[in-house]
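Overview (structure and organization)
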Amino acid sequence: MNIIIILMLIVVLLIIWLIHDYKNDKKNPKLIKTYHKAGLSDQDIVIFRQTMQDAKDQIKQWEIAVKEDAALQVIEQVTGGLDSAKKLFQLIVKRPKIALSNNDFLYKHLPTMLDLIETYQNIKAVDKLDQALLVDSQKVIRALSEKIAGLYAHTVSDDIETIKNEVENG
């Protein structure tokens, strides 16, 4: 009798897991169609979605760090890097072709930003803090944040230029 209950429980859990997995796999069919229209194969879409999920997680970690640290909040207010990262992420999700021109953002800048923040937090956690090292760490974070904001501005300016040309040449 106990074996039957255990087997039924396993079957129910398996069904719940499959339903959950299916829902996660079939998210937003509109975007899937958009990706197909952009020339992505099903395999490309899987890779693209995983890349974007990684980027989303990295942006969330960056955001948490900014919320918890006054110096990082000041850097964000001055540079707008985190906000630009969020907007650039949204642009790439909507138009996957621009991921190619923003591969540094996805594969270099975001992971590096998290590494820098982790290093900064480790430096800050040391009891006998070296202020010069902390300031240098903040400067590097600020420089990368400015670079990400610049990437977003460049991407948007390319879009504006394209629209301007289409309107003028119509």
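The structure we're discussing is the one just above.
Residues numbered from 1 in each chain as written. Predicted model: local features only at pLDDT ≥ 70, side-chain atom pairs only at ≥ 80, totals over all residues. Heavy atoms only, no water.

1. A word on a nonpolar patch on the surface
Where nonpolar side chains cluster on the molecular surface, the patch consists of Ile3, Ile6, Leu7 and Ile10 and spans about 420 Å² of accessible area. Secondary-structure assignment places Ile10 in helix α1 (residues 2–25). (Patch = residues over 30% accessible without salt bridge, like charges linked within 9 Å, V, L, I, M, F, W, Y side chains within 5 Å. Areas by Shrake-Rupley, 256 points an atom, 1.4 Å probe, with all protein chains shown as cover. Salt bridge = Lys/Arg side-chain N within 4 Å of Asp/Glu carboxyl O. Helix = DSSP H or I, 4+ residues; strand = E, 2+ residues; numbered from the N terminus.)

2. Side note on the packing of aromatic side chains
Here the structure, examined in full by the defined rule, presents 1 aromatic pair. On the numbers, 5.0 Å between centres and 75° between planes, the contact of Tyr35 with Phe48 is edge-to-face. Of this pair, Tyr35 sits in helix α2 (residues 29–37) while Phe48 sits in helix α3 (residues 42–68), and the two are 13 residues apart along the sequence. (Phe/Tyr/Trp six-rings, centres within 6.5 Å; stacked < 30°, edge-to-face > 60°.)

3. A word on the packing of α2 against α3
Following both chains from N to C, one finds α2 and α3 inclined at 120°, their axes separated by 10 Å at the closest point. As judged from the angle between their axes, α2 and α3 are oblique. Relative to α3, α2 is oriented so that their crossing is right-handed. On the side of α2, the interface is formed by Ile32, Tyr35 and His36, while α3 contributes Asp42, Ile45, Phe48 and Arg49. Across the contact of α2 with α3, the residue classes break down as 4 nonpolar, 1 polar and 2 charged. (Axes fitted to C-alpha atoms, helices over the stretch in contact; angles between N-to-C directions. Parallel < 35°, antiparallel > 145°, perpendicular 65-115°, else oblique. Left-handed = near helix turned anticlockwise from the far one by under 90°. Contact = heavy atoms within 4.5 Å. Nonpolar A, V, L, I, M, F, W, Y, C, P; charged D, E, K, R; others polar.)

4. Let's talk about the nonpolar core
Counting residues in each nonpolar core, the largest one holds 35 residues, and the members touching the most others are Trp62, Leu72, Ile92, Phe105 and Ile141. Elements with a contribution of two residues or more to this core: α3, α4 (70–79), α5 (81–94), α6 (98–101), α7 (103–125) and α8 (131–169). Here this core takes 9 residues from α7, the largest share from any one element. With residues near it in sequence (within four places) discarded, Phe105 still touches Ile59, Ala85, Leu88, Phe89, Ile92, Leu110, Ile148 and Leu151. (Core = buried A, V, L, I, M, F, W, Y, C linked by side-chain atoms within 4.5 Å. Buried < 20%, exposed > 50% of the residue type's maximum accessible area, 1.4 Å probe, protein only.)

5. Digging into the environment of Val66
Positionally, Val66 belongs in helix α3. Residue contacts for Val66: discarding those within four places in its chain leaves Leu72, Gln73, Glu76 and Leu82.

6. Re the side chain of Thr51
You can see Thr51 is positioned in helix α3. Each residue touching Thr51, except ones within four places of it in the same chain, is listed here: Leu106 and Tyr107.

7. With respect to the pattern of salt bridges
Inspection of every chain in the model, using the stated rule, returns 5 salt bridges. Residue Asp69 is joined to Lys124 by a salt bridge in which the shortest nitrogen-to-oxygen separation is 2.4 Å. Residue Asp69 is located in the loop between α3 and α4, and its partner Lys124 is located in helix α7; the two are separated by 55 residues in the primary sequence. Its relative accessible area of 40% is what places Lys124 among the partly exposed residues. A salt bridge links Glu146 to Arg142; its shortest N-O distance comes to 3.0 Å. Taken together, the positions of Glu146 and Arg142, both in helix α8 and 4 residues apart, correspond to about one turn of that helix.

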